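Below are the chains, spelled out letter by letter.
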Amino acid sequence: MKIGITCYPTYGGSGAVATELGLALADRGHEVHFISYAQPFRLNGFQERVYFHEVEMEDYPLFEHPPYALALAVALHDAAHKHQLDLVHMHYAIPHAASAYLARQMMALERPLRVVTTLHGTDITLVGLHPSFHGITRFSILESDGLTAVSSYLRDETVRDFSVPATRIDVIPNFIDTEIWRPDREPCHRAKLAPNGEKIVMHVSNFRSVKRVGDVVRAFAGMRDREGVVARLIMVGDGPDRMRAASVAHELGVNEDVVFLGKHQSTEELLSCADLFLLPSETESFGLAALEAMASGTPVVASNAGGIPEVVTDGEDGYLYAVGDTAGMAEGGARLLTDENEHRRVSANARQTAVSRFSKDSVVPMYEDLYARVLRADS
Ligand code: GMT
């Protein structure tokens, strides 16, 4: 097949999944064209059958906000026309699904162009709910020929808030390359991250309010209060709540042992040397960062919000707590940091879950099946 893929190219789970999907599809013999305003951050190095088309934008003084959705529609149409694309796959509905709708209309006189949209999270649970986006989000996802959500939770939210029939949505979970995200990943930076042999607690996110980064620090401080816990907290990523997290660390007197690394391209190198991963989010449609930690053999302590329980099974391959229960997270985290047998058990289960349920090889064929269905419906 010839497939166009659009995603947000900067940091973020949806862009990461879209890029990994494109690379995996190319590996399996498909031709893949990424179409976006910048090269997706995980798209580096040459790979056969992979192309990148940058969306060109005219910067005209009249435009306070350049109309990216329109420029993207034109770029999708151009790529579909020039490269004979069979379908375009949009990751994150806003504004991509609307641009794809326009591109499909533009192509209609020539030949059919099919549109698949993957819902990732806040396109449905937050941004899409805003009155300025709700109508166009509903319209454009209903107009998509194929529709996927990354968890059953997200499918149910879409049904409830956008009146989209459940039968229209395939649940296809996020996936991971378990050869890249692995426990024995080299190089290991443990000695640099924790020079005095401390345990490493880690958090990776975009530090938006939904991530509750203050709770990450509170849970860590709670662990540190418990006997036998000598640990450092490594905060990876950046975003609006970074300062807030730093001031919580100050207030709780743990700032000496909280390190803000900033954005990092290859978190697989960091996660494989962590002892514990914290994800206390208000909500997550899936929680790709948790899956990356699990594949790296790092036990996850998280909130039982949104789609996280579809990834982490409490007591088996991680521990889950109510949103805001930092005392519970501290207790569970401390147990994992001090009880070696428990750590080994949860770590092995986490890796096993990632390999058996969320590996590239088991999930990518689900997209291929959907594409085939969508294209068949055409004839
Ligand atoms: O939805 C967002 O705000 C951003 C999006 C992203 O691009 O990272 O995150 C969502 O998509 C990820 C990939 O499918 C999921 O793993 C995240 O859980 C989800 N974030 C939220 O639901 C808050």
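Not measured: the values here are computed from a predicted model.

1. Notes on the pairing of strand S1 (residues 2-6)
Part 1: Burial of S1 is extensive: four of the five residues sit out of reach of the surface.
Part 2: Between the parallel pair S1 and strand S2 (residues 31-36), the chain is carried across by helix H1 (residues 13-27), and the sense of this crossover is right-handed.
Part 3: Pairing geometry for S1 and strand S4 (residues 87-91), over four bridges, is parallel. Directly across from Thr6, in S4, lies its bridge partner Met90.

2. Focus: unusual backbone geometry
Part 1: Of note, the amide linkage connecting Ile94 to Pro95 takes the cis form, showing an omega dihedral of -10°.
Part 2: Position of Pro95 among the secondary structure elements: in the loop between S4 and helix H3 (96-107).
Part 3: Positive phi, close to 80°, is recorded for Tyr92, a residue that is not glycine.
Part 4: Tracing the backbone shows Tyr92 in the loop between S4 and H3.
Part 5: Relative accessible area serves as the criterion here: at 13%, Tyr92 is assigned to the buried category.

3. Some details on the domain arrangement of the protein
Part 1: On domain assignment, one finds that the protein holds domain 1 (2-175 + 359-376) and domain 2 (190-357).
Part 2: Each of domain 1 and domain 2 has a C-alpha centre, and these two points are 30 Å apart.
Part 3: Contacts between domain 1 and domain 2 engage 20 residues on the former and 18 residues on the latter.
Part 4: Of the roughly 1400 Å² buried where domain 1 meets domain 2, counting both sides, 53% is carbon and sulfur surface.
Part 5: On the domain 1 side of the contact with domain 2, Tyr11, Tyr153 and Asn174 bury the most area, a combined 39% of that side's loss.
Part 6: There are zero salt bridges connecting domain 1 and domain 2.
Part 7: Those elements that place two or more of their residues in the side of domain 1 that touches domain 2 are H1, helix H6 (152-162) and helix H14 (360-376).
Part 8: Classifying every residue of the side of domain 1 that touches domain 2 by side-chain character gives 10 nonpolar, nine polar and one charged.

4. A few points about the sheet that holds strand S12 (residues 300-303)
Whether parallel or antiparallel, the strands of a sheet pair through hydrogen bonds between backbone atoms.
Part 1: Taken in spatial order, the six strands make up an open sheet running S10-S9-S8-S11-S12-S13, and their pairing is parallel. Both outer strands of the open sheet, strand S10 (258-262) and strand S13 (318-321), are each paired with one neighbouring strand and no more. Sheet twist, expressed as the average angle between the axes of neighbouring strands with direction ignored, equals 20°.
Part 2: Relative to S13, helix H12 (residues 326-338) is tilted by about 170°, and along the sheet it contacts strand S8 (199-205), strand S9 (231-237), strand S11 (276-279), S12 and S13.

Definitions and limits used
Residues numbered from 1 in each chain as written. Predicted model: local features only at pLDDT ≥ 70, side-chain atom pairs only at ≥ 80, totals over all residues. Heavy atoms only, no water. Buried < 20%, exposed > 50% of the residue type's maximum accessible area, 1.4 Å probe, protein only. Helix = DSSP H or I, 4+ residues; strand = E, 2+ residues; numbered from the N terminus. Right-handed = clockwise from strand over helix to strand, strands pointing away. Pairing = 2+ DSSP bridges. Domains from an automatic or database assignment. Contact = heavy atoms within 4.5 Å. Buried area = accessible area lost by both parts, 1.4 Å probe. Salt bridge = Lys/Arg side-chain N within 4 Å of Asp/Glu carboxyl O. Nonpolar A, V, L, I, M, F, W, Y, C, P; charged D, E, K, R; others polar. Axes fitted to C-alpha atoms, helices over the stretch in contact; angles between N-to-C directions.

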